[in-house]
Amino acid sequence: KSVNEAINTQPPKNAIVDLRFDTGGDNTQNRDLMKLIAEKIPGRIYLLIGNYTFSAGIASAAALAHDGGSKVTIVGSEIADRMHWWSEHHDPICMPSSKVCFDINSGYWDLVNGCKENPKCYGDQFNVNVPSLEPQLQAPLLSTDWLANRDPGIEVIVADLQKQK
C-alpha cells in the first residue's frame, strides 16, 4: 500500500525494483503493483533479479518486463528457475493407509509461450509473457561482495544512469 501511494502521489523519475531475494508468494498480490510501476515511472526502471528469484518473484519480474517494455533494464544474474514451472499448491493428496499428505503443485506457468493448451494452465491469467528474463546488465551478487558491503547491481545501475546524462 505504501509503495502504491508513494508512486501515485510523487512518482520518481527512475526506479529500482529489487527482486533478487523474492522467493515467491501470492501472485494475486503483486500483479497490479508491477503494472502501476510500469505506468507511472516515466524514466528507466531497473529490475534486479538473481539466483534467489523464484516462483512469484519470477512472475513479478516478468510482469514488470512485460508492462514496462523498453523502459525496463534487467540487472543481476540468472533467475533461480526456468521460464516454465509448476506451482500453486492445491488439494493435497493423502495416502490411504499412512494418511501422510503431500501438497501437489497443480498450476502450470510458461512465461515464454503461454500455456493455454495445458488444462492445468495457471500463469496465463496474469498476462506476463516475455521472451526472456536474461539480464542486460550482468551483476551477480557474490558472498564476497555481500561481506564487503558492496552491491554490484546498484553499482552497475549508477554507472548506467551516469552514462545517460
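Scroll up to find the structure this text is about.
Residue numbers run consecutively from 1 along every chain, following the written order of its sequence. The model is predicted, so local features are restricted to residues of pLDDT at least 70 and side-chain atom pairs to those at 80 or more, both for listing and for counting; the totals for chains, interfaces and linings are taken over all residues. Each side-chain value is derived from all of the structure's non-hydrogen atoms; neither hydrogens nor water enter the calculation.

Draft legend 1. Layout of the pairing of strand E2 (residues 45-49). Classification of residues uses two cut-offs on accessible area relative to the type maximum, computed with a 1.4 Å probe and protein chains only: under 20% is buried, over 50% is exposed, and between them is partly exposed. Strands here are runs of E lasting at least two residues and helices are runs of H or I lasting at least four, both read from the DSSP assignment and numbered beginning at the N terminus. A large share of E2 lies buried, amounting to 5 of its 5 residues. One ladder, built from 4 bridges, connects strand E1 (residues 15-18) with E2; its direction is parallel. Along E2, the bridge assignment pairs Ile16 with Tyr46. Here a crossover is taken to be right-handed if, once the strands point away from the viewer, the path from the first strand over the helix to the second is traced clockwise. As for the winding sense of the linkage, the β-α-β connection from E1 through helix H2 (residues 31-40) to E2 is right-handed. A strand pair is defined by DSSP finding two or more bridges across the two strands. Looking at chain direction, E2 and strand E3 (residues 72-76) are connected through 5 bridges and run parallel. Directly across from Leu47, in E3, lies its bridge partner Ile74. For the crossover from E2 across helix H3 (residues 55-68) to E3, the handedness is right-handed.

Draft legend 2. Seen up close, the state of the cysteines. What counts as a disulfide here is a pair of cysteine sulfur atoms lying within 2.5 Å. Tallying each qualifying case throughout the model produces 2 disulfides. Paired by a disulfide, Cys94 and Cys101 hold their sulfur atoms 2.0 Å apart. Classification of the bridge connecting Cys94 and Cys101 rests on its S-S torsion, roughly 105°, and on that basis the disulfide is right-handed. We classify Cys101 as partly exposed; its relative accessible area is 41%. Each disulfide pairs two cysteine sulfurs, and for Cys115 the partner residue is Cys121, the sulfurs being separated by 2.0 Å.

Draft legend 3. The arrangement of the packing of helix H1 (residues 2-9) against H2 in detail. For every element, the axis is a line fit to its C-alpha atoms; helices are fit only across the contacting stretch, and the angle between N-to-C directions ranges from 0 to 180 degrees. Running from N to C, H1 and H2 cross one another at 20°; their axes reach a closest spacing of 10 Å. The pairing of H1 with H2 is recorded here as roughly parallel in orientation. Viewed along their axes, H1 and H2 form a crossing whose handedness is left-handed. Judged by residue contacts, Val3, Asn4, Ile7 and Asn8 of H1 engage Leu33, Leu36, Ile37 and Lys40 from H2. Polar here means any residue outside two lists: the nonpolar Ala, Val, Leu, Ile, Met, Phe, Trp, Tyr, Cys and Pro, and the charged Asp, Glu, Lys and Arg; Gly therefore counts as polar. Grouping the constituent residues of the contact of H1 with H2 by class yields 5 nonpolar, 2 polar and 1 charged. Roughly parallel covers angles under 35 degrees, roughly antiparallel covers those over 145, roughly perpendicular covers 65 to 115, and oblique covers all other angles. Here a crossing is taken to be left-handed if its near helix is turned anticlockwise relative to the far helix by less than a right angle, and right-handed if that turn runs clockwise. Here, residues are in contact when the closest pair of their heavy atoms is within 4.5 Å.

Draft legend 4. Quick peek at empty space enclosed by the protein. In the cavity and pocket records, a cavity denotes points on a 1 Å grid over the protein atoms alone where a 1.4 Å probe fits but cannot get out, a pocket denotes an open set with protein on both sides within 12 Å along at least 5 of 7 lines, and lining residues are residues with an atom within 4 Å of a point. Grid points are joined across faces, edges and corners, and a volume is the space filled by probe spheres set on the points. Using the criterion set out here, one finds 1 cavity of 30 Å³ or more in the structure. The space that makes up the largest cavity amounts to roughly 30 Å³. Surrounding the largest cavity, Asn27, Asn30, Arg31, Ala59, Ser60, Ala63, Trp109, Phe126 and Val128 form its lining. Within the lining of the largest cavity, the residues separate by chemical class into 5 nonpolar, 3 polar and 1 charged.

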